[in-house]
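# Geometric and topological summary
Read off the chains here:
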Amino acid sequence: MTVYWRNAAVLAGTALALGSTVAQTESPRPAKAKAAAAPAAVEKFSGPREKMVVAMPKTYGKTETMALWGDYFSHLSRCANVELQNAQGDSLERTSNVDILGEKELVEALSTGKAQIGQVNPGLAAQMVTAGQAAPFGVPGNKATGQRNSYKLILVTRIDSPYKEPKDLIGKKIAHTTPTSNSGNLAPRVLFPALGLTPDKDYEVVFSNGHERSVTGVMHGFYPAAAVASDLYQRMVVKGDVKGSSLRTIWESPPFMTETWTMNKDVSPELQARVKKCSFSYNFSPTLKKQLPGNDTFLPINFDRDFATVMQVYRATQKK
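Residues numbered from 1 in each chain as written. Predicted model: local features only at pLDDT ≥ 70, side-chain atom pairs only at ≥ 80, totals over all residues. Heavy atoms only, no water.

### Description of the overall build of the protein
To be explicit about the condition: Where helices and strands are cited, they refer to DSSP runs of H or I of at least four residues and of E of at least two residues respectively, numbered from the N terminus. Relative accessibility decides the category of a residue: with a 1.4 Å probe and only protein chains considered, values under 20% of the type maximum give buried, values over 50% give exposed, and everything between is partly exposed. Only the protein chains shown count as cover for residues, and all accessible areas are computed by the Shrake-Rupley method using a 1.4 Å probe.
A tally of regular secondary structure across the protein gives 13 helices and 12 strands. Per-residue burial for the protein yields a buried fraction of 53% across its 320 residues. Within the structure as shown, the protein displays about 14200 Å² of accessible surface, and the carbon and sulfur contribution to it stands at 52%.

### As for helix H5 (residues 103-112)
Short version of the rule: Throughout, the arc means the angular range of directions from the helix axis out to the C-beta atoms. In this analysis, two residues are considered to be in contact whenever any of their non-hydrogen atoms come within 4.5 Å of each other.
Glu103, Leu106, Val107, Ala109 and Leu110 are the residues of H5 that are buried. Each buried residue of H5 lies within a common arc of 165 degrees when the element is viewed along its axis, so the set occupies one face. Contacts from the buried residues of H5 go to strand E1 (50-57), strand E3 (99-101), strand E4 (117-120), helix H6 (122-130) and strand E11 (260-263). After H5 finishes, the residue Gly113 shows a positive phi value of roughly 90 degrees.

### Describing the side chain of Asn149
Tracing the sequence through the fold places Asn149 in the loop between strand E5 (138-141) and strand E6 (150-158). A residue is classified by how much of its surface remains accessible, and Asn149, at 13% relative accessible area, is buried.

### As for the state of the cysteines
To keep things clear, this is the line we draw: When the sulfur atoms of two cysteines come within 2.5 Å, that pair is taken as a disulfide.
Here the structure, examined in full by the defined rule, presents one disulfide. Disulfide pairing places Cys79 opposite Cys278 at an S-S distance of 2.0 Å. With the S-S bond torsion at -80 degrees, the cross-link from Cys79 to Cys278 turns out left-handed. A residue pair is termed long-range when its members are at least 10 positions apart, and Cys79 in helix H4 (residues 62-80) and Cys278 in helix H10 (residues 269-280) qualify at 199 residues. Residues Cys79 and Cys278 agree in their burial class; the two are buried.

### Remarks on the nonpolar core
Convention followed: We call a set of buried residues a nonpolar core when its members are Ala, Val, Leu, Ile, Met, Phe, Trp, Tyr or Cys and they connect through side-chain atoms within 4.5 Å of each other.
With 40 residues, the main nonpolar core has Val120, Leu155, Leu169, Ile174, Phe192, Leu197 and Phe307 as its most contacted residues. Put simply, the parts of the chain that give this core at least two residues each are E1, H5, H6, E6, helix H7 (182-191), strand E9 (225-229), strand E10 (247-257) and helix H13 (308-319). The residues contacting Leu197, other than those within four sequence positions of it, are Leu155, Pro166, Leu169, Ile170, Ile174, Phe192, Asp202 and Tyr203. Counting residues in hydrophobic clusters, the runner-up holds 32 residues, among them Leu84, Trp261, Val267 and Phe280.

### Quick look at the pairing of E1
To keep it simple, the criterion reads: Pairing between two strands is assigned when DSSP locates at least 2 bridges connecting them. With strands facing away from the observer, any crossover in which the path from the first strand over the helix to the second runs clockwise is taken as right-handed.
Of all eight residues that make up E1, six are buried, and the element is covered over most of its length. Strand direction decides the pairing type here: E1 and strand E2 (residues 82-85), joined by four bridges, are parallel. Each bridged residue has a counterpart across the sheet, and for Glu50 the counterpart in E2 is Val82. In this fold, E1 hands off to H4, which returns the chain to E2; that crossover is right-handed. Where E1 lies against E3, three bridges are found, and the strand directions are parallel. What sits directly across from Met56, in E3, is Ile100.

### Brief notes about the sheet that holds strand E7 (residues 173-176)
Our working definition: Orientation is described by axes fitted as lines to C-alpha atoms, over the contacting stretch for helices, and by angles from 0 to 180 degrees between their N-to-C directions.
Pairing within the open sheet is mixed, and its five strands lie in the order E8-E7-E9-E6-E10. Edge positions in the sheet fall to strand E8 (204-207) and E10, since each of these pairs with one other strand and no more. This sheet shows a mean twist of 25 degrees between the axes of neighbouring strands, independent of strand direction. Taken together, the five bridges between E6 and E9 define a ladder with antiparallel strand orientation. Across the sheet, Thr157 pairs through a bridge with Ala225, a residue of E9. Strand contacts of H7: E6, E7, E8, E9 and E10, with the helix running at about 85 degrees to E6, the strand carrying the most contacts.

In structure tokens form, the structure reads like this:
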């Protein structure tokens, strides 16, 4: 369910990319020799190699999580001079046993310092920042256009169902994902009443415990409809987990911020700066580009601006 990432306007910080450092080299040597200069530029982070525990959401299993993000972890380890580990102290350079946590455990790990860096969905980011934790620092985006990765809340039904518009679902069951999910629960509770679908009044809320479960549940007829994140739904289509032709989208919201990367607030400012600089210099792997079409790097986040809509939904939900 996980609702980031992915999403800040282009800031001057993107100029920190290592490629630009290489481009400024005055040496007339051939391109291959210039490319070799990149490691020298990142080796300036000297001193003891610091350890950082990584915490990831249960969006995917451990193997698939590492297939997507393992290349980023390797880049971060080399560039920022850090050893990324799981909670047991195993280096992620030598194991795929990355910690994937439920929402409650993920927030607890990143808030208490059991983990120093991790990926969180927008709803969890809003919850953590409101509680005094550090704002997320990076989101997938497109380096050339400055476009941040985003998603929409969508309401999906089976293509062969009689439900063609939201009001057709009055009196039915609609799958939400988890209580803290932005697109899977918080946003529907704020946005659906204007459609004539007040949760727990006009329809029965059924928690599926995940976007993939919601989509699969609709596909197999367990739920008449589901509120899910458009990007996670599209990933299922790309992976072949669901046929796009088998489901119908009967409503969608304006764009939302997607999953983002955050660090525990007690990480030293110097280490935070290294992690951010190296993250913004990272060029996505082919696997990650395929999974996140149109995105090729991380872009920095201005929380007040980029999370305005998410915070509006979160605050409205908290008042209720």
